[in-house]
Amino acid sequence: MTSKNVILVTGGEGLVGSAIKFVLDNGETRTEEEWVFTSSKECDLTKLTDTNKLFEKVKPTHVIHLAAKIGGLYGNLENSLQYFRTNIIINDNVLAVSHNFGVKKVVSCLSTCIFPDRVSYPIDEKMIHDGPPHDSNFGYSYAKRMIDVLNKCYNKTYGDIFTSVVPTNVFGPHDNFNVENGHVLGGLIHKAFCAKRDNTDFVVWGTGSPLRQFLYSRDLARLMIWVLRSYEEIEPIIISVNVEDEISIKEAAEIVVKAIGFKGNVIYDTNKLDGQFRKTASNRKLKTYLPNLKFTQFEDAIKETVDWYMKHFEEARK
Ligand code: NAP
Ligand code: GDP
């Protein structure tokens, strides 16, 4: 019999799951912990029987729940119903089975795009349910908000320690670099890489004016490990860079251009949507817990991501 904590990471081969693996492999492992990363190939979490079998096999004491149907602006717009239904089912299965197996703690992932569209800035953790989300991610957002509802119900009913983090826009190695259904930085890196290789224009969608707080996946990974080990609240916690580190899509595109070494024309395609203008989030609560917290410089994180992408071009999602 082992007395180790067994931590099951759902969605373990995605952007955030891979970053957690990287951070653990680079100095964060502890002898009293065994980490198990699972993917949709091993277990389809929309199926309750399969989810039960996975938990029976792994016997987790803790869960980091990342698995989700997720997309960027256009992925969300075009799959609202599918993202709502699939994510509701996955989340209900994972939390119900975690409860039935006596899991001591579950940390799930919300997102700052799920906050009300009409809200005062900066957004904080208390505002999640204060009004409808932006139209562009309606289904995804409501499904994510229900995780917070489930966490509170499980805690009230059974005392379960099920909590959540709320990251801003994440990017890094192992991102989905697909232009149609991925997020902006993955899409921009892929497009700038192809524009340099093919000697064509680099096309950025929209006006370039929307604002985002970009979060490096490896910074998020470190903080999710901290949440798992040390954060005791059921209430969500926003994981975000500082408000003053918010940048425009145009500024982000210029940094990608530099990292790729693209010298050609940059075009803004205003036939494409801008989506939500901003979702500026406060990291005040996080900083209260971790006053000395530092994030990787955006330019450095983009460079590492671009280097990873170039090295793994063949097998990267795109
Ligand atoms: P990702 O790279 O797409 O990873 C998600 C993983 O979930 C994928 O590996 C996927 O596996 C798996 N998955 C999907 N459906 C599944 C199913 N039915 N059964 C089992 N696994 C399934 O996404 P990510 O960016 O790492 O996101 C991780 C978490 O962070 C998500 O909960 C997301 O909502 C949240 N988040 C992400 C961002 C962001 O900007 N990326 C921002 C805020 C919050 P397959 O690919 O094999 O289907
Ligand atoms: P959001 O942050 O949830 O809105 O989703 P995204 O990560 O997809 O970012 C969308 C913003 O980036 C919008 O303002 C888009 O117009 C802009 N954008 C510019 N180029 C791209 C691109 O190649 N892919 C994506 N997904 N968005 C882009």
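Residues numbered from 1 in each chain as written. Chains lettered and ligands numbered in written order. Predicted model: local features only at pLDDT ≥ 70, side-chain atom pairs only at ≥ 80, totals over all residues. Heavy atoms only, no water.

A. Quick peek at the side chain of Asn242. Following the sequence through the fold, Asn242 ends up in the loop between strand S10 (237-239) and strand S11 (247-248). Exposure remark for Asn242: the relative accessible area of 18% places this residue in the buried category. Side-chain polar atoms of Asn242 contact the side chain of Lys287, separated by 2.9 Å. Not counting residues up to four positions away in its chain, the partners in contact with Asn242 are Gln213, Asn283 and Lys287. (Helix = DSSP H or I, 4+ residues; strand = E, 2+ residues; numbered from the N terminus. Buried < 20%, exposed > 50% of the residue type's maximum accessible area, 1.4 Å probe, protein only. Polar contact = N/O pair within 3.5 Å; in protein donor to acceptor, adjacent residues only side chain to side chain. Contact = heavy atoms within 4.5 Å.)

B. Geometry of the site of ligand 2. Taken together, 17 residues form the shell around ligand 2, and within it Leu73, Lys191, Arg212, Leu273 and Asp274 come nearest. Contact distances for ligand 2 include 2.7 Å between an oxygen atom and a side-chain N or O atom of Lys191. Here Trp205 contributes a backbone N or O atom positioned 3.1 Å from a nitrogen atom of ligand 2. Protein burial of ligand 2: of its 540 Å² of free accessible surface, 98% is covered by the chains. Elements represented by at least two residues in the shell around ligand 2 include exactly helix H6 (184-198) and strand S7 (202-205). The greatest single-element share of the shell around ligand 2, amounting to 4 residues, is contributed by H6. For the shell around ligand 2, the class distribution of residues is 8 nonpolar, 5 polar and 4 charged. (Near = heavy atom within 4 Å. Areas by Shrake-Rupley, 256 points an atom, 1.4 Å probe, with all protein chains shown as cover. Nonpolar A, V, L, I, M, F, W, Y, C, P; charged D, E, K, R; others polar.)

C. Focus on H6. For H6, built from 15 residues, the straight-helix expectation of 21 Å at 1.5 Å per residue is met to within 8% by its first-to-last C-alpha distance of 21 Å. Taking burial as the measure, the 15 residues of H6 include 11 buried ones, the bulk of the element. Among the residues of H6, those classed as buried are Leu185, Gly186, Gly187, Leu188, Ile189, His190, Lys191, Ala192, Phe193, Cys194 and Ala195. Next to the buried residues of H6 lie strand S6 (169-171), S7, strand S9 (214-216), helix H8 (249-260) and helix H10 (298-311). At the exit of H6 stands Asn199, carrying a positive phi of roughly 60°. (Expected span 1.5 Å × (residues − 1).)

D. Structural context of the nonpolar core. Among the nonpolar cores identified, the biggest contains 32 residues, and Ile20, Trp35, Ile64 and Met224 are the most heavily contacted of them. Elements represented by at least two residues in this core include exactly strand S1 (5-10), helix H1 (15-28), strand S2 (33-37), strand S4 (105-109), helix H7 (217-230) and S10. Of all the elements, H7 adds the most residues to this core, at 8 residues. Residues within four places of Met224 in sequence aside, it is in contact with Val16, Ile20, Ile64, Leu66, Val107, Cys109 and Val165. Counting residues in hydrophobic clusters, the runner-up holds 31 residues, among them Phe171, Phe177, Leu188 and Tyr216. (Core = buried A, V, L, I, M, F, W, Y, C linked by side-chain atoms within 4.5 Å.)

E. Focus on unusual backbone geometry. Cis geometry marks the peptide bond from Tyr121 to Pro122; its omega dihedral reads 0°. With a phi close to 50°, Lys59 is a non-glycine residue in the positive phi region. With respect to the secondary-structure elements, Lys59 resides in the loop between helix H2 (48-58) and strand S3 (62-65). With a phi angle near 70°, His174 is a residue other than glycine that sits in the positive phi range.

F. Highlighting H10. Here H10 is 14 residues long and its end C-alpha atoms lie 20 Å apart, about the 20 Å a rise of 1.5 Å per residue gives. The set of residues buried in H10 consists of Phe298, Ala301, Ile302, Thr305, Val306, Trp308 and Tyr309. Take H10 and look down its axis: the buried residues cluster within an arc of 160°, on one side only. Check the buried side of H10 and you find it contacts S6, H6, S9, S11 and H8. (Arc of directions from axis to C-beta.)

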